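# Fold and geometry: a report
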Amino acid sequence: MESVIAEKYAVALLQVAQEQKTVDAIASEIQAIQKAVETNPDLRTTLEHPRAKAQEKLEALRRNMNQKLSSTMENFLMLLIMKKRIKHFKAVADHYERLCYEMKGKAIARVLTAMPLAAAQRESLTEKLTQMFGMAVELKEEVKPGLIGGMMIYLGDQRMDGSVLGQLEKMKQRMMKVEID
């Protein structure tokens, strides 16, 4: 459900940004807002608080930003706040970013690894994914020590699990299916 909602808002925002020729500027504003919300728990609490007034929420965002927001972005944020959809902002931001990349003929691959990738590994993985999918791929890396080793890759609706944790989980599932006489 959240994905459907987020995609509709992201598409609408992208259409407005295209008309105004501000696609990249809006993308950078979205990233800045997302960073502000992620790093400031008080801001997140204010935005999600059901009794906080819409104007208070917008003011809290303005105060916590290192840059002035465009009128397009302020109007969009107010729309999300008024429609009680601000809690979906991260999903909207992710969809907007994906749409921007698709518009440029690129794809985003989310790569989860137990340890950060070396530059050579990153370059090799980018080349392989570009060949596999027939379009330029940009990596978004996340370090998840719980994977133990290997990596998981999410690209579009595809998931490739080459992690040690994933392999252990598959082994566990196979062992659970074995019947002992």
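As shown above, the structure is provided for reference.
Quick caveat, the model's predicted, so the values are computed rather than measured.

Conventions adopted
Residues numbered from 1 in each chain as written. Predicted model: local features only at pLDDT ≥ 70, side-chain atom pairs only at ≥ 80, totals over all residues. Heavy atoms only, no water. Helix = DSSP H or I, 4+ residues; strand = E, 2+ residues; numbered from the N terminus. Rg over C-alpha atoms; globule rule 2.2 N^0.38 Å. Buried < 20%, exposed > 50% of the residue type's maximum accessible area, 1.4 Å probe, protein only. Contact = heavy atoms within 4.5 Å. Axes fitted to C-alpha atoms, helices over the stretch in contact; angles between N-to-C directions. Parallel < 35°, antiparallel > 145°, perpendicular 65-115°, else oblique. Nonpolar A, V, L, I, M, F, W, Y, C, P; charged D, E, K, R; others polar. Core = buried A, V, L, I, M, F, W, Y, C linked by side-chain atoms within 4.5 Å. Salt bridge = Lys/Arg side-chain N within 4 Å of Asp/Glu carboxyl O.

## Quick word on the overall build of the chain
Tallying secondary structure elements over the chain gives eight helices and four strands in all. Reading the chain from its N end, one meets helices and strands in the order α-α-α-α-α-α-β-α-β-β-β-α. In terms of overall size, the chain is more extended than a compact globule, its C-alpha atoms giving a radius of gyration of 20 Å where 181 residues would be expected to give roughly 16 Å. When the backbone C-alpha atoms are referred to their principal axes, the chain occupies close to 65 × 40 × 30 Å. Looking at the chain as a whole, 36% of its 181 residues qualify as buried. Counting only contacts in the chain whose residues sit at least 6 apart along the sequence, the fraction spanning at least 24 positions is 65%.

## Topic: the packing of helix α2 (residues 23–39) against helix α3 (residues 41–48)
Where α2 contacts α3, the two axes come as close as 5 Å, and the packing angle between them is 100 degrees. The pairing of α2 with α3 is recorded here as roughly perpendicular in orientation. Of α3, the residues touching α2 (which contributes A36, V37, E38 and T39) are P41, L43, R44 and L47. Looking at the contact of α2 with α3 residue by residue, the classes come out as five nonpolar, one polar and two charged.

## Notes on the nonpolar core
In this structure, I30, I33, M73, L77, F89 and Y96 are the most contacted members of the largest nonpolar core, which totals 36 residues. For this core, the secondary structure elements donating two or more residues are α1 (2–20), α2, α3, α4 (54–63), α5 (71–82) and α6 (89–103). Apart from the residues within four sequence positions on either side, F89 is in contact with I30, I33, Q34, L77 and L80. Core analysis: the next-biggest nonpolar cluster, separate from the first, contains 10 residues, A107, L125, L129 and L155 among them.

## With respect to the pattern of salt bridges
This model, assessed by the stated rule, comprises 12 salt bridges. Salt-bridge contacts for E74 lead to R62; the nearest nitrogen and oxygen are separated by 2.7 Å. Of the two residues, E74 sits in helix α5 while R62 sits in helix α4, which places them 12 residues apart along the sequence. Overall, E74 belongs to the buried group, its relative accessible area being 16%.

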